[in-house]
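Structural features, examined
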Amino acid sequence: MSIPFATPEWVAAFKDAINASAAYREAAKTWEGDFWFIVEPEAGQPDRERKLMYLDLWHGECREAFLAQDESERNPEFRIWAPAKNWRRVINREIDPIKALMTNQLRLKGNFAKIMRSVRAAQELVLCAASVPTQFD
């Protein structure tokens with residue numbers, strides 16, 4: 001059964017996938033940082049609302065993950081945002097997350113150099129997301 005993307009259920013399943021992944025745990029064993037993953041409405045779809053997914057990633061595990069109502073709930077180190085179609089391409093592994101950042105298909109606020117030092121962890125994180133059976137609109 002597929003889980004609708006960017007819902008509380010999807011974020012919980014993503015957290016579980018991260019915490020079950022030995023490959024992510026190894027790749028991210030020195031990573032410390034938290035994120036807003038923000039799904040922006042598509043152009044021409046003003047009726048869609050922004051989705052705010054918070055993840056706290058710490059030494060190969062996800063300590064906290066939730067769908068938020070307002071960015072003021074946390075002040076994470078990183079903020080990555082894009083329209084849903086670009087998130088879909090990353091999760092479906094049609095584009096590498098680092099390439100998506102470098103080509104502004106995903107936008108970043110935060111230390112890009114820190115992310116570049118953890119490319120394998122970013123790739124494993126995408127594999128965790130890809131392992132969640134996801135229903136996109």
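Quick note: structure is the one above.
Residues numbered from 1 in each chain as written. Predicted model: local features only at pLDDT ≥ 70, side-chain atom pairs only at ≥ 80, totals over all residues. Heavy atoms only, no water.

Side note on unusual backbone geometry
Our working definition: Starting at the N terminus, helices and strands are each numbered in turn, a helix being any DSSP run of H or I of at least four residues and a strand any DSSP run of E of at least two. For every residue, the accessible area (1.4 Å probe, protein chains only) is compared with the maximum for its type, and the residue is labelled buried under 20%, exposed over 50%, or partly exposed between those bounds.
Its identity is not glycine, yet Ala-6 carries a phi of approximately 60°, on the positive side. Summarising the element assignment, Ala-6 is placed in the loop between strand E1 (3-4) and helix H1 (8-20). Judged by its relative accessible area of 2%, Ala-6 falls in the buried class. Residue Asn-104 is not a glycine yet carries a positive backbone phi of 60°.

Looking at the sheet that holds strand E5 (residues 78-83)
For the record, the criterion: Two strands are said to pair when DSSP picks up at least two bridges between them. Orientation is described by axes fitted as lines to C-alpha atoms, over the contacting stretch for helices, and by angles from 0 to 180 degrees between their N-to-C directions. Pairs of residues are marked as contacts when any of their non-hydrogen atoms sit within 4.5 Å.
Strand order across the open sheet formed by five strands is E4-E3-E2-E5-E6, with mixed pairing between neighbours. Pairing within the sheet leaves two strands with one partner each, and these edge strands are strand E4 (61-68) and strand E6 (107-109). The average undirected angle you get between the axes of adjacent strands in this sheet is 20°. Running at roughly 175° to E4, H1 makes contact with strand E3 (51-58) and E4 of the sheet.

What to know about the packing of aromatic side chains
Defined as follows: The aromatic pairing rule takes the rings of Phe, Tyr and Trp, using the six-membered ring of Trp, and pairs them if the centres are within 6.5 Å, calling planes under 30 degrees apart stacked, those over 60 edge-to-face and the rest tilted.
Per the stated rule, a full pass over the model turns up ten aromatic pairs. Taking 5.1 Å as the distance between ring centres and 40° as the angle between the ring planes, the aromatic pair formed by Phe-5 and Phe-136 counts as tilted. You can see Phe-5 sitting in the loop between E1 and H1 and its partner Phe-136 sitting in the segment after strand E7 (134-135), a full 131 residues away along the chain. Residue Phe-5 shares its accessibility class with Phe-136, and that shared class is buried.

Focus: the pairing of E3
Each regular strand carries side chains that alternate between the two faces of the sheet. Burial within E3 is extensive, with six of its eight residues counted as buried. Two strands pair when backbone bridges link them, and strand E2 (residues 32-40) and E3 are joined in this way by eight bridges, in the antiparallel orientation. Within E3, the position partnered with Trp-36 by the bridge is Tyr-54. Bridge count between E3 and E4: seven bridges; the pairing is antiparallel. Pairing of Met-53 across the sheet is with Leu-67, part of E4.

Shape is all these values report; function is a separate question.
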